[in-house]
Amino acid sequence: MNALRSRRSFVAALETGGAWLLAALWILPLLYAFWAAVHPSAYSASFVLDAPLTLDNFVRAWKAAPFARYFLNTFLLVTMILGVQFVLCTLAAYAFSRYAFLGHRLAFVLVLLQLMIMPDVLVVENYRTMSALGIVDTIPAIGLPYMASAFGIFLLRQTFKTVPRELDEAARVEGAGPIQILLKVYVPLAKPVYIAYGLVSVSYHWNNFLWPLIITNSVSTRPLTVGLQIFASSDQGIDWSVITAATLMTAAPLLIAFLLFQRQFVQSFMRAGIR
Amino acid sequence: MTLARDTLNENREEARPSSRRVPSAATGRMRRPAHVRRWDVHIHGWLLLLPAAVLLATFTHFPAVATVIDSFFSTPKGPRHSVFVGLDNYQAMISDPIFWRSLDNNLVYALSTIPLTIALAMTMALAVNRKLAGRGFMRMSFFTPTVMPMIAVANIWLFFYSPGYGLLDRLLALFGIPAHNWLGSEQTALACLIAVAVWKDAGFFMIFYLAALQQMPPQLAEAAAIEGASRWYFFRRVTFPLLMPTTLFVLINAIINSFRLVDHVIVMTRGGPNNTTSLLLFYIYEVGFKFWDTAYAASLTVVLLVLLAVLAVGQFTFFDRRIHYQ
């Protein structure tokens, strides 16, 4: 019995050790980048404890490229996308959850199609459309293909369907019109879903790269990710300290938000996936 | 519960007659003839859907159809308009070694990242689902790569892999292994990208497994312990099957990701060396926006669309029967 117990605790200790090792391995590349960013270049690959700390790399990165403008562009981009997504997805989800309109089943299938065929793979044709519309190299052009989000419509529709009919009817008896009912009954009840979807959408578009890379070609429109890529691949030489500083800088707002609101982030990502 | 599963249930539910959803006359403010009310429903429904429908049609449905049409035409060059060329683009594709190389790479990439990511995500979830010291830190360490831009991740790993100087070579030097140009060598470049993709996604998928594990009734483990089942046996016969719906959901997402995301290819290797890391979407990007051969890029996109369509059909027919739902 004793032998069995000690064997059990040995296995448990082994598992805990393994888990710790995996976690350490996982955080290692990030810690490494962080180390390089806060030390002078000479120390970026030599790990001595008394290496002097410095913010110089961040200052140099900030001065070497128009990062302030890139931050502004990304901020405008994610806010615009999120705002439009909220409005469009709410209206469409409301239609799908409460109106048995002609062809609603086919329409829903057509909406869900976007879950499989995402804008990311239709870059060639979407570029053509944007040039036909004359809006290549504008911030709205980066956002347009993503604004009617099938994912958002699906998520909100599922939520709206759980709202009791009685609430809806009560509001109707009070004399509220369809839009008023939507705004006064459905939207407030779906608040957690809006937060979850909002977090997922903001992180997706903060991080998005390929389409913005294709559709932008000037400082005044480029989001951070594209700006970072141009900065890192142009003639910085291989000053890794500055490049990692710039890299961490672009990821910082989301990283800090994540570290502060870990639970909300994880729950949002989960809620957005599982319904 | 998964997205896929709910979609299926919804479809079943939709199959039932839904006439009762039309708001009943009793609650209407004024009584109108039945056919007028019915038209109200259709008009209101479509008006609500309209803004989203216009954007979806313009940026998803139209481009998908236009891609197929464009693949039968030539690329307009200067004064020459595009002309119908039939299957010429596809013939060119069949004899294009880089296309085959990219497709091949993409399959290797998908078939390595997907099982690795899923296995690691499951391991991580099982690891942090137990009570142990530092659980919060571990969860954070696993999930952090998810909130970072792929472009930032790729830059960090570029540094990590840099020959002689990067952390990888420095760690290996401790064991006397000589420096190696990880991203510059045909043998290792694709594996390096696979590692990056696994690192980025495993923590994301972990949270879905974690959620599923937390919903699992503890009585199952208790009963198994009483029966004297080994932990491996319990995992194989109970936990793993019960996680199947989650695995399906994760699988679909992982497959889509392996065809959708090429940011790291652009940053780390640009498809090189000698096209060993060129993935399908990366090749489309190169053909469409470096060589500006839009017709050929459209034909390549058709291949990608067909792959995704097969996947969608497979998801609804094959998996639906094989997966055990709680």
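Residues numbered from 1 in each chain as written. Chains lettered and ligands numbered in written order. Predicted model: local features only at pLDDT ≥ 70, side-chain atom pairs only at ≥ 80, totals over all residues.

### Description of the overall build of chain A
- Broken down by element type, chain A carries 14 helices and zero strands.
- Computed over C-alpha atoms, the radius of gyration of chain A comes to 24 Å, more than 25% over the 19 Å expected from 2.2 N^0.38 for 275 residues, which places it beyond the range of a compact globule.
- When its C-alpha atoms are laid out on the principal axes, chain A stretches across 75 × 75 × 35 Å.
- Burial status across chain A gives 47% buried among its 275 residues. (Helix = DSSP H or I, 4+ residues; strand = E, 2+ residues; numbered from the N terminus. Rg over C-alpha atoms; globule rule 2.2 N^0.38 Å. Buried ≥ 20, exposed ≤ 12 C-beta atoms within 10 Å, placed from the backbone.)

### Let's talk about the overall build of chain B
- Along chain B, the regular secondary structure elements total 14 helices and zero strands.
- Ordered by position from the N terminus, the helices and strands of chain B form the series α-α-α-α-α-α-α-α-α-α-α-α-α-α.
- Long-range pairs, those at least 24 residues apart, make up 70% of the contacts in chain B between residues at least 6 apart in sequence. (Contact = placed C-beta atoms within 7 Å.)

### Concerning the interface of chain A and chain B
- Every contact between the two is made by 81 residues of chain A and, on the other side, 77 residues of chain B.
- Looking at which element gives the most residues to the side of chain A that touches chain B, the answer is helix α1 (residues 2-37) of chain A, with twelve residues.
- Its residues placed into classes, the side of chain A that touches chain B shows 59 nonpolar, 16 polar and six charged. (Nonpolar A, V, L, I, M, F, W, Y, C, P; charged D, E, K, R; others polar.)

### Some points on unusual backbone geometry
Residues and elements named next belong to chain B.
- Even without glycine at this site, Asn-274 takes up a positive phi of about 55°.
- Checked against the element boundaries, Asn-274 lands in the loop between α12 (263-268) and α13 (280-289).
- One non-glycine residue, Trp-292, lies in positive phi territory at about 50°.
- By secondary structure assignment, the location of Trp-292 is in the loop between α13 and α14 (294-322).
- For Trp-292, a count of 11 C-beta atoms within 10 Å puts it in the exposed group.

### Brief notes about the domain arrangement of chain A
- With domains assigned, chain A is organised as domain 1 (1-36) and domain 2 (59-273).
- Between the C-alpha centres of domain 1 of chain A and domain 2 of chain A the distance comes to 37 Å. (Domains from an automatic or database assignment.)

### Some words on the nonpolar core
- Among the nonpolar cores identified, the biggest contains 169 residues, and Ala-92 of chain A together with Ala-121 and Met-206 of chain B are the most heavily contacted of them.
- For this core, the domains that each give at least three residues are domain 1 (1-36) and domain 2 (59-273) of chain A. (Core = buried A, V, L, I, M, F, W, Y, C linked by C-beta atoms within 7 Å.)

### Remarks on helix α9 (residues 218-227) of chain B
- The buried count for α9 of chain B comes to zero of ten residues, which makes it a mostly uncovered element.
- Remark: Gly-228 of chain B follows α9 of chain B within two positions and exhibits a positive phi of approximately 80°.

### So, the confidence of the model for chain B
Residue and element names in this part refer to chain B.
- Here chain B shows a mean pLDDT of 82. Residues at 70 or above account for 85%.
- Of the regions scoring below 50 in pLDDT, residues 1-30 engages in 34 contacts with residues more than four places distant in sequence or in other chains.
- In the predicted assembly, ipTM is 0.88 and pTM is 0.86. (pLDDT = per-residue confidence, 0-100.)

### Topic: the environment of Thr-90 of chain A
All names here are of chain A.
- By the element assignment, Thr-90 lies in helix α3 (residues 67-98).
- Separated by 159 residues in the primary sequence, Thr-90 and Met-249 place their C-alpha atoms 34 Å from one another.
- With sequence-adjacent residues up to four places away left out, Thr-90 is seen in contact with Leu-156, Leu-182 and Val-187.

### Some details on helix α7 (residues 150-161) of chain A
Residues and elements named next belong to chain A.
- With twelve residues, α7 should cover 16 Å at 1.5 Å per step; its first-to-last C-alpha distance of 16 Å lies within 8% of that length.
- Among the twelve residues that make up α7, ten are buried, leaving the element largely enclosed by the rest of the structure.
- What α7 keeps buried is the set Ala-150, Phe-151, Gly-152, Ile-153, Phe-154, Leu-155, Leu-156, Arg-157, Thr-159 and Phe-160. (Expected span 1.5 Å × (residues − 1).)

### Focus on the packing of helix α5 (residues 135-147) of chain B against helix α8 (residues 189-215) of chain B
All names here are of chain B.
- At a minimum axis distance of 7 Å, the contact between α5 and α8 shows a crossing angle of 115°. What the angle tells us is that α5 and α8 run roughly perpendicular. Relative to α8, the crossing made by α5 is left-handed. Together, Phe-142, Phe-143, Pro-145 and Thr-146 of α5 and Trp-199, Lys-200, Ala-202, Gly-203, Phe-204, Met-206 and Ile-207 of α8 make up the contact between the two elements.
- The residue inventory of the contact of α5 with α8, partitioned by class, reads eight nonpolar, two polar and one charged. (Axes fitted to C-alpha atoms, helices over the stretch in contact; angles between N-to-C directions. Parallel < 35°, antiparallel > 145°, perpendicular 65-115°, else oblique. Left-handed = near helix turned anticlockwise from the far one by under 90°.)

### Re the packing of helix α6 (residues 150-161) of chain B against α8 of chain B
Residue and element names in this part refer to chain B.
- Where α6 meets α8, the axes come as close as 11 Å, and the angle between the chain directions of the two elements is 130°. With respect to α8, the element α6 is oriented oblique. Crossing hand, α6 versus α8: right-handed. Within the contact between the two elements, α6 uses Met-150, Val-153, Ala-154, Trp-157 and Tyr-161 and α8 uses Cys-192, Val-196 and Lys-200.
- Per-class residue counts for the contact of α6 with α8 are seven nonpolar, no polar and one charged.

### Digging into the environment of Leu-183 of chain A
- When you line up the elements, Leu-183 of chain A lands in helix α9 (residues 178-189).
- When the C-alpha positions of Leu-183 of chain A and Thr-90 of chain A are compared, they lie 9.5 Å apart, and in sequence the two are 93 residues distant.

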